[in-house]
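In case you want the letters, here they are:
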Amino acid sequence: KDVTRRYVLPGWKAEAWYGVSWAPDQSWVAITIVEGSQLAPAGFFIWRVDLPSGKASRLAGGHQPLLQYPRVSPKGGAVVLRDAFRGDLVLLRLGEAKPSYLTHFGDVSRIGFDWSQDGASVYLARGHLGARNGIWKVPVNGDEPKRVPGSQGLSPQSLRLSRSGT
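Let me sum up the structure you'll find in this document. (Residues numbered from 1 in each chain as written. Predicted model: local features only at pLDDT ≥ 70, side-chain atom pairs only at ≥ 80, totals over all residues. Heavy atoms only, no water.)

1. Overview of the environment of valine 29
Which entries qualify depends on this criterion: Strands are runs of DSSP state E lasting at least two residues, helices are runs of H or I lasting at least four, and both sets are numbered from the N terminus onward. In this analysis, two residues are considered to be in contact whenever any of their non-hydrogen atoms come within 4.5 Å of each other.
On the secondary structure map, valine 29 appears in strand 2 (residues 28-36). Taking the C-alpha atoms as reference points, valine 29 and alanine 56, 27 residues apart in sequence, are found 9.7 Å from one another. In contact with valine 29, not counting residues within four places along its chain, are Val20, Ser21, Trp22, Trp47, Arg48, Val49 and Leu51.

2. Details of the environment of alanine 56
Put simply, the rule is: Buried residues are those whose accessible area, probed at 1.4 Å on protein chains only, stays under 20% of the maximum for their type, while exposed residues exceed 50% and partly exposed ones sit between those limits.
Structurally, the position occupied by alanine 56 is in strand 4 (residues 56-62). Note on alanine 56: relative accessible area 22%, which makes it partly exposed. In this structure the C-alpha to C-alpha distance between alanine 56 and tryptophan 28, which are 28 residues apart in sequence, comes to 9.5 Å.

3. Considering unusual backbone geometry
Of the consecutive residues leucine 51 and proline 52, the connecting peptide bond is found in the cis state with omega at 5 degrees. Looking at the element boundaries, proline 52 is found in the loop between strand 3 (41-50) and strand 4. Backbone geometry places glutamine 26, a non-glycine residue, at a positive phi of 60 degrees. Following the sequence through the fold, glutamine 26 ends up in the loop between strand 1 (14-22) and strand 2. Judged by relative accessible area, which is 56%, glutamine 26 ranks as exposed. Not every positive phi belongs to a glycine, and tyrosine 69 is a case in point at roughly 55 degrees. Among the secondary structure elements, tyrosine 69 is positioned in strand 5 (residues 67-72). By relative accessible area, tyrosine 69 is classed as partly exposed at 23%.

4. A word on the environment of arginine 110
Considering the arrangement of structural elements, one finds arginine 110 in strand 9 (residues 108-115). By relative accessible area, which is 45% here, arginine 110 ends up partly exposed. With 28 residues separating them along the chain, arginine 110 and arginine 82 place their C-alpha atoms 7.0 Å apart.

5. Some thoughts on the pattern of salt bridges
Quick note on the threshold: Just to be clear on terms, a salt bridge is a Lys or Arg side-chain nitrogen sitting within 4 Å of an Asp or Glu carboxyl oxygen.
Summed over all chains, the structure comprises three salt bridges. Across the salt bridge formed by arginine 48 and aspartate 50, the nearest N and O atoms sit 2.7 Å from each other. Its salt-bridge partner being aspartate 107, residue arginine 126 comes within 2.8 Å of it at the nearest N-O pair. Of this pair, arginine 126 sits in strand 10 (residues 121-126) while aspartate 107 sits in the loop between strand 8 (100-101) and strand 9, and the two are 19 residues apart along the sequence. Residue arginine 126 is classed as buried on the basis of its relative accessible area, which comes to 14%. Classification of aspartate 107 by relative accessible area gives buried; the value is 9%.

And the structure:
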């Protein structure tokens, strides 16, 4: 049975939604929004909305870059997002107030990233706006990113891994 619920977040009118991602246990969702309007933003925020209660709490935000398309980690302890202006990925560990940059490529595809099954890495498609820079594996512990063998010349617009991690 499909159920639609409406949740009202405190604060200003939400003008633009930039993605939603379910926690692995489906007890909450991560939502990115711009409050106010796109022409006169009051701030960008990442929200956590607990389900089914609808209790909303800010995970991070304010006058930071516009982060979009959240992906909650497999264990639910972190969220990876894309910086809309830089074209890089940002990691927000839950409980930390400020996200940190995971990549410095400048060409991560908008919805072309996903967590590895174990949550130790993020796979991403490089090549936003037409470049074909392949698929990369980026460890979240700070180790160097590596191109996935055989992916040179690919530029998928979307990237999702199966539950088996392939």
